[in-house]
Amino acid sequence: MRRLLLEAAAGMVDTVLSLGPARLEVHNAADAGAAVGESDRVPVLTRYLPRAHDRRVRAVLGEVLAGGPSRLVMLTGESSTGKTRALYEALLDLAPSAPLLHPVGDLDLLELLDEGRVRSGCVVWLNEAQRFLYNRDAAARLRAVMTATPGIAAVGTLWNNPYWNDLTTSDNSDGPRSQAKALLTHPALAVRINVPAHLDAEDLNGWRKLARTSGDPRLQQALSAGAGDGKVIQYVSGGPELLTAYLTGDRGGALFTAAEHALITVALDARRLGHRGPLPAALLTDAADGSLSTRDRSPDPRWAEHALRALSSGRREDGSRADVRNTLTALTAVYARSGAPAAYEPADYLDQHARRLRAEQYGTPALWNALIEHTIDPFDMDNLAHAAWDRGLRTTAIRLWHKAVTAGYPTDGLIDLDDVLDPGEQAATYTAVQVGLNHTESVRRLLGRLRSAEANAAFSILAGRACAHADIADPWAVSWLLRTLRENGAHEAAKALVDRDVVADADLTDPAAAGFLLKELLSAIAKEASQEVARRGASDADLKHLFSTAGLIKTLAEAGAGREAAELAERAAAEADLSDPSAVARLLAAIRMKGTRRAQEVLLNRAPADHAIIGPLSGTKELLHQLKAAEAEHAFTVLLHRAVNETDLTSPATAKNLLQSVREADAEQAIAELTDRILTETDFTDYHRDEAPELLREVRWSGADHVLATLAQRAAAEVDLTDPARVARLLDELATFEAERAVRILLERDPVAHVSLADRVDPFLVTWLLSALRRSGAEQAARTLVERAVAEADFSDSFMMSISYRALRHTGAGEQAGRLFIERAARADLTDPNTASCFLDVLRAIGSEEAIAALLARFPVAEVDAADPGTLARLFDLLTAAGAGKAVATLTERALAETDLTSPPSVAYLLETLHNIGAGRAVAVLAERAASRADVDNRPGVVRLLDALRKVKAGKAAARYEARARDAGHFPHDFVPYGREPDGRPSRPWTVGTVVALNKPPDPAQTSASERPVTYDEANN
């Protein structure tokens, strides 16, 4: 660590200070009013406004940088919401001189990991983390290194959709994204922190203050542009302006020329369709040139070079600008290494929004030809092939899959094609012959797919290859392969693998691997091999893995290897490190059940109670339980005494759990000592809502009456009052043992004035507190709480407001709450349809026809916001129920002219509502418009709207919308069997063999004879 910091100070390694914001891809923020050239004199970044997510980022990183366990801090959210800036600012404050590793891509990250440069004390910068984590090797190695090494701070960013969802929701435990999922969802390693797309009211006030005190016009410009929807951060980087410039196209006065616009479009489409890596210039050039009209093509052979430089630098050769605010460019140039040709990535704000806006554009012939020709990464080939297949471009998909398989990529795209397309299962056979064998999990997955597809010949080929090439020194790889063969009935192949003498050279130092291999060899009826694994596993197991050692002792005993189990148990008892109480407890349990009496005596004679580190209480409790079960009374007493005197009792939960263990041990003296410590050391100011009451209950059950009253008074005086449930829970617990003084202390602190009713607090938590106050005799506080609940209610959710009223009525506050709701309804701004719906719903629940009539009399039907179809649908329901037919008719006409029809679920709700109230003409008009305007990027939304269109009898609109959804890839089975071409024409009949013949063979000059992949015909002959 010290050496790393010295190297950083000497400039030998990068730091966040030396790299700066631009190198770390923090979006610049230039002045919208700055003239050309002036932006160079404006600071790159505005002053920073810390928000709630910043505090959490800094808390996690602070622990890591102090030498704690390694953590991956992953910020997720929409594009241009400040994710990268938040990480930059956190590191600037916490670790400005710490060594910072900044890999360019997945291979660069792997190189850093393999060279051992990712080590304690360093920061790993993984902005746009999808560039790294789709590589399973990179994700697996990063997880392994960070698990084994403390003090590594990895930081990264991901969009929620598609990247976080795609990488973490895979249901395939051994699929291509499994390693990324294992890393990102690791509970002890990864921390996901979401960055909101909007500034809330508190943040907006902070932004106003920052704009005023800093004098930076960019902050005020962003506030003015984004205050309406809260999307202020996005305007700082200029993302919305860049999107507007792109959507303007190349019309007169537009920012981009026709050639530049074509290059941006193909970059966006290639990324959307699955090319996740940087885009080569040749790919963009060929794809864009094919989409340009003859009028827009340039005679300059270097036209694309000039255009790409302008789009990535912001400046054309004639000095004119091709960026937004002289800062934000549509493309970013990426260099794999110094002197390498540039590749390009589209601006992430454009990328995110183009996915929705261009979802139904399935790609031009020129784009797909360029993708086939120039895509290098087999992973990208596989992604693109799936996208092509889903859109009916089946021959294109076959060519891409063929290229991926030829490169050894373990895709299953060529498996399970029907006999018309793949007579004789030739494509499956080619996959089995050509696919790489480097990834055991991929081979396992392919074997399973081949067996389920009944491609038995291909299965046998791949099984044979896997068995012949398996790394028999790796017991994990051998075990998984044996299990896969057994599960698929390939017993002969399993026998062939065992016959390779998989034990002789196997590394059995990992006891978990030895146990796994032993189980699989027993299942394969490999008696001699299993006996050898048992013998060597007992002698070679590395005792540093004590949990796994305990598991191996059990496995050996259950396998009938009693002698080896006893040998390992005695060795572990005599040599294992006894500092981890949880691991020692697991070992003692295994020895008691499967070991020998002698091993137990050896272990206990080494005084494990003296050596255990008193840290997390769970380990101490587990060891206490095992010592008691082993009747080791002296060791139990020693450990109990140490726990009572050494455990950190700051947390009420820790104090409660330890006291419970002491009470169950009937150790009265220890109870007295522990409760005395709890009285002075436990902190009640910040804890989960149940912890303090549960501690008080445990103290009461322990009979420690001498501290109970004082402890209750401390809790009442110190507890944080912002959570209504926390206060209610404590009041209820205090009432169980008549702690009147503590109740009085708590009520004197005026909890009703402090509880937070913001952020849509569950109304049942409010009524819980209301009931607790009443049970405590605090009637005035209860009435005040009702007043606050109504005055601060969020009238943007009519369903929750209705529940709130009903909940208050259930507690006996219905009359007071009803009166207050009616008073508030009389002065509410009804131009917001959400607010109008909320009050109509609540007034209906109250049953006040007079209040409903008064609200309808002043309902501004000509002014209410009619943009959101979902909100309008709810309002139509409530207006119809209230008999406001005239308002419904007027609002229906406005909906035809003003409603935004892009959200499929909301449009579906509106269509169904209008259909139910008999507005047939409006349904017909809106259905026709929705067919061409509603988004098609989300399959559940597409299905929902299609169902609604059919339900309201809009068959033609449903057919048009379904065609758009088909182009977006949602109905691939509609293209059976041959699909279509990228120009839209139906494909002529084909087979896989005729299609793959269109692909160019690998260049012989670039491939040695030994590396040359077999051809499709060779594999099938």
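For the structure, check the block above.
Residues numbered from 1 in each chain as written. Predicted model: local features only at pLDDT ≥ 70, side-chain atom pairs only at ≥ 80, totals over all residues. Heavy atoms only, no water.

1. Focus on the sheet that holds strand β4 (residues 153-159)
- Taking strand neighbours across the sheet as the criterion, the 5 strands line up as β2-β3-β4-β1-β5 in an open arrangement whose pairing is parallel. Because the sheet does not close on itself, it has two edges, and the strands there are β2 (100-101) and β5 (190-194).
- Pairing of strand β1 (residues 71-77) with β4 involves 7 bridges; the strand directions are parallel. Paired with Val-73 across the strands is Val-155, a residue of β4.
- In the packing of helix α3 (residues 52-65) onto the sheet, contacts are made with β1, β3 (123-126), β4 and β5, and the angle to β5 comes to roughly 160°.
- Lying on the sheet, helix α4 (residues 83-94) is in contact with β1, β2, β3 and β4; it crosses β4 at an angle near 165°. (Pairing = 2+ DSSP bridges. Helix = DSSP H or I, 4+ residues; strand = E, 2+ residues; numbered from the N terminus. Contact = heavy atoms within 4.5 Å. Axes fitted to C-alpha atoms, helices over the stretch in contact; angles between N-to-C directions.)

2. A few points about the pattern of salt bridges
- All told, the structure shown has 56 salt bridges when counted by the stated rule.
- Taking the shortest distance from any N to any O, the salt bridge between Arg-141 and Asp-114 comes out at 3.2 Å. Of this pair, Arg-141 sits in helix α7 (residues 136-148) while Asp-114 sits in helix α5 (residues 106-114); the two residues are 27 residues apart in sequence, bridging distant segments of the chain.
- Looking at Asp-114, the relative accessible area reads 55%, which means it is exposed. (Salt bridge = Lys/Arg side-chain N within 4 Å of Asp/Glu carboxyl O. Buried < 20%, exposed > 50% of the residue type's maximum accessible area, 1.4 Å probe, protein only.)

3. Notes on the packing of helix α35 (residues 652-664) against helix α37 (residues 691-701)
- Put simply, α35 and α37 touch, their axes get as near as 8 Å, and they point 25° apart. For the element pair α35 / α37, the angle class is roughly parallel. Considering the relative orientation of α35 and α37, their crossing is left-handed. Note on element contacts: α37 touches α35 through Glu-691, Ala-692, Glu-694, Leu-695, Glu-698, Val-699 and Trp-701, opposite Pro-652, Ala-653, Ala-655, Lys-656, Leu-659, Gln-660 and Arg-663.
- Tallied by class, the residues present in the contact of α35 with α37 amount to 8 nonpolar, 1 polar and 5 charged. (Parallel < 35°, antiparallel > 145°, perpendicular 65-115°, else oblique. Left-handed = near helix turned anticlockwise from the far one by under 90°. Nonpolar A, V, L, I, M, F, W, Y, C, P; charged D, E, K, R; others polar.)

4. Remarks on the side chain of His-53
- Along the chain, His-53 falls in helix α3.
- Under the relative-accessibility criterion, His-53 is labelled buried at 5%.
- At 3.4 Å, the side chain of His-53 forms a polar contact with the side chain of Asp-54.
- In contact with His-53, other than residues within four places in its own chain, are Tyr-48, Ala-86, Ile-193, Asn-194, Val-195 and Pro-196. (Polar contact = N/O pair within 3.5 Å; in protein donor to acceptor, adjacent residues only side chain to side chain.)

5. Quick word on the environment of Ile-591
- Relative to the assigned elements, Ile-591 resides in helix α30 (residues 581-594).
- Ile-591 gets classed as buried once you look at its relative accessible area, which sits at 2%.
- Those residues within four positions of Ile-591 in sequence are excluded, and the remaining contacts are Ala-569, Ala-573, Thr-596, Ala-599, Gln-600 and Leu-603.

6. Description of the sheet that holds strand β8 (residues 343-346)
- Reading across the sheet, the 3 strands line up as β6-β8-β7 and stay open at both edges, with antiparallel pairing between neighbours. The open sheet terminates on both sides in strands that have one partner only, identified here as β6 (279-280) and β7 (331-334).
- Both β6 and β8 contribute to a ladder of 2 bridges, which runs antiparallel. Paired with Pro-280 across the bridge in β8 is Ala-343.

7. Observations regarding the side chain of Asp-216
- Here Asp-216 is to be found in the loop between α10 (201-214) and α11 (217-226).
- Judged by relative accessible area, Asp-216 falls into the buried class, the value being 15%.
- A polar contact of 2.8 Å, which involves the side chain of Asp-216, links it to the side chain of Arg-218.
- Beyond its immediate chain neighbours, meaning those up to four positions away, Asp-216 contacts Thr-46 and Ala-211.

8. Some words on the pairing of β1
- Burial analysis of β1 places 7 of its 7 residues in the buried class, which makes it a mostly covered element.
- Residues Arg-71, Val-73, Leu-75 and Gly-77 line one face of β1 and the alternating positions Leu-72, Met-74 and Thr-76 line the opposite face, and both faces are buried.

9. Quick look at the packing of α37 against helix α39 (residues 724-736)
- In contact at an axis separation of 9 Å, α37 and α39 are set at 15° when each is read in the N-to-C sense. Of the possible angle classes, the one that applies to α37 and α39 is roughly parallel. Handedness of the crossing formed by α37 with α39: left-handed. Packed against α37, whose contacting residues are Pro-693, Glu-694, Leu-696, Arg-697 and Arg-700, the element α39 presents Arg-729, Leu-730, Glu-733, Leu-734 and Thr-736 at the interface.
- A breakdown of the residues in the contact of α37 with α39 according to their chemical character gives 4 nonpolar, 1 polar and 5 charged.

10. Some words on helix α42 (residues 763-775)
- Over its 13 residues, α42 extends 18 Å from the first C-alpha to the last, a length consistent with the 18 Å expected when each residue adds 1.5 Å.
- All of the buried residues along α42 are Pro-763, Leu-765, Val-766, Thr-767, Leu-769, Leu-770, Ala-772 and Leu-773.
- A positive backbone phi angle near 80° is found at Gly-777, which sits one or two residues after α42. (Expected span 1.5 Å × (residues − 1).)

11. Describing a negative patch on the surface
- A contiguous patch of negative charge, built from Asp-829, Asp-832, Glu-863, Asp-865, Asp-868 and Asp-900, is present on the exposed surface.
- In this fold, Glu-863 is placed in the loop between α46 (849-857) and α47 (869-881).
- Since its relative accessible area comes to 58%, Glu-863 is described here as exposed. (Patch = residues over 30% accessible without salt bridge, like charges linked within 9 Å, V, L, I, M, F, W, Y side chains within 5 Å. Areas by Shrake-Rupley, 256 points an atom, 1.4 Å probe, with all protein chains shown as cover. Lys, Arg positive; Asp, Glu negative; His and termini not counted. Charge placed at Lys NZ, Arg CZ, Asp CG, Glu CD.)

12. Quick look at α35
- The end-to-end C-alpha distance of α35 is 18 Å, a good match for the 18 Å that 13 residues give at a rise of 1.5 Å each.
- Restricting attention to buried positions, one finds in α35 the residues Pro-652, Thr-654, Ala-655, Lys-656, Leu-658, Leu-659, Ser-661 and Val-662.
- The inward-facing, buried residues of α35 contact α33 (617-629), α34 (633-646), α36 (668-681) and α37.
- Its side-chain oxygen placed 3.2 Å from the backbone nitrogen of Ala-653, Ser-651 serves as the N-cap of α35.

13. Here we look at the nonpolar core
- Within the largest apolar cluster, 141 residues are counted, with the highest numbers of intra-cluster contacts made by Leu-485, Leu-521, Leu-556, Val-662, Leu-734 and Leu-746.
- Apart from the residues within four sequence positions on either side, Leu-734 is in contact with Leu-696, Ala-712, Ala-739, Ala-742, Val-743 and Leu-746.
- By size, the runner-up hydrophobic cluster in this structure holds 63 residues, among which are Ile-264, Leu-311, Tyr-349 and Trp-368. (Core = buried A, V, L, I, M, F, W, Y, C linked by side-chain atoms within 4.5 Å.)

14. Some words on the pairing of β3
- Of the two faces of β3, both are covered, the one formed by Val-123 and Trp-125 as well as the one formed by Val-124 and Leu-126.
- As paired elements, β2 and β3 share 2 bridges and run parallel to each other. Across the sheet, the residue bridging to Leu-100 is Val-123, located in β3.
- Following the chain from β2 across α5 to the adjacent parallel β3, one finds a crossover that is right-handed.
- In this structure, β3 lies alongside β4, joined through 4 bridges in parallel fashion. By the bridge assignment for β4, Val-124 is matched with Ala-154. (Right-handed = clockwise from strand over helix to strand, strands pointing away.)

15. Side note on the environment of Tyr-805
- Relative to the helices and strands, Tyr-805 resides in helix α44 (residues 798-826).
- The sequence separation of Tyr-805 and Ile-553 amounts to 252 residues, and the corresponding C-alpha distance is 61 Å.

16. Considering the environment of Leu-91
- Summarising the element assignment, Leu-91 is placed in helix α4.
- Once the C-alpha coordinates of Leu-91 and Val-123 are considered, the two residues, 32 residues apart in sequence, prove to be 8.8 Å apart.
- Contacts of Leu-91, omitting those with residues within four sequence positions, involve Val-16, Leu-61, Pro-96, Leu-100, Val-123, Trp-125 and Val-155.

17. A short note on the packing of aromatic side chains
- For the structure shown, the criterion picks out 9 aromatic pairs.
- Judged by centre distance (5.5 Å) and plane angle (35°), the ring pair of Trp-159 and Tyr-163 falls under tilted. Comparing Trp-159 with Tyr-163 shows no difference in burial state: the two are buried.
- Here Tyr-805 and Phe-821 contribute two aromatic rings whose centre-to-centre distance is 6.1 Å and whose plane-to-plane angle is 80°, an arrangement assigned as edge-to-face. Neither residue differs from the other here; Tyr-805 and Phe-821 are each classed as buried.
- Each member of the aromatic cluster is reached from another via a ring pair, and the members are Tyr-134, Trp-159, Tyr-163, Phe-379 and Tyr-409.
- Across the ring face of Phe-459, the terminal group of Arg-451 is positioned such that the distance to the ring centre comes to 3.8 Å.
- For the cation-ring pair, Arg-980 lies above Tyr-362, with the distance from its terminal atom to the ring centre recorded as 4.0 Å. (Phe/Tyr/Trp six-rings, centres within 6.5 Å; stacked < 30°, edge-to-face > 60°. Lys NZ or Arg CZ within 6 Å of the ring centre and 35° of its normal.)

18. Some words on unusual backbone geometry
- Residues Asn-161 and Pro-162 are joined by a peptide bond in cis, for which omega reads 15°.
- Here Pro-162 shows up in helix α8 (residues 160-168).
- Here the residue pair Val-976 and Pro-977 is connected by a cis peptide bond, since its omega of -5° sits within 30 degrees of zero.
- Mapping Pro-977 onto the fold places it in the loop between α52 (955-967) and α53 (992-996).
- The phi dihedral of Asp-666 falls on the positive side, at around 55°, and the residue is not glycine.
- Its place among the elements puts Asp-666 in the loop between α35 and α36.

Remember, this is a structural readout, not a statement about activity or role.
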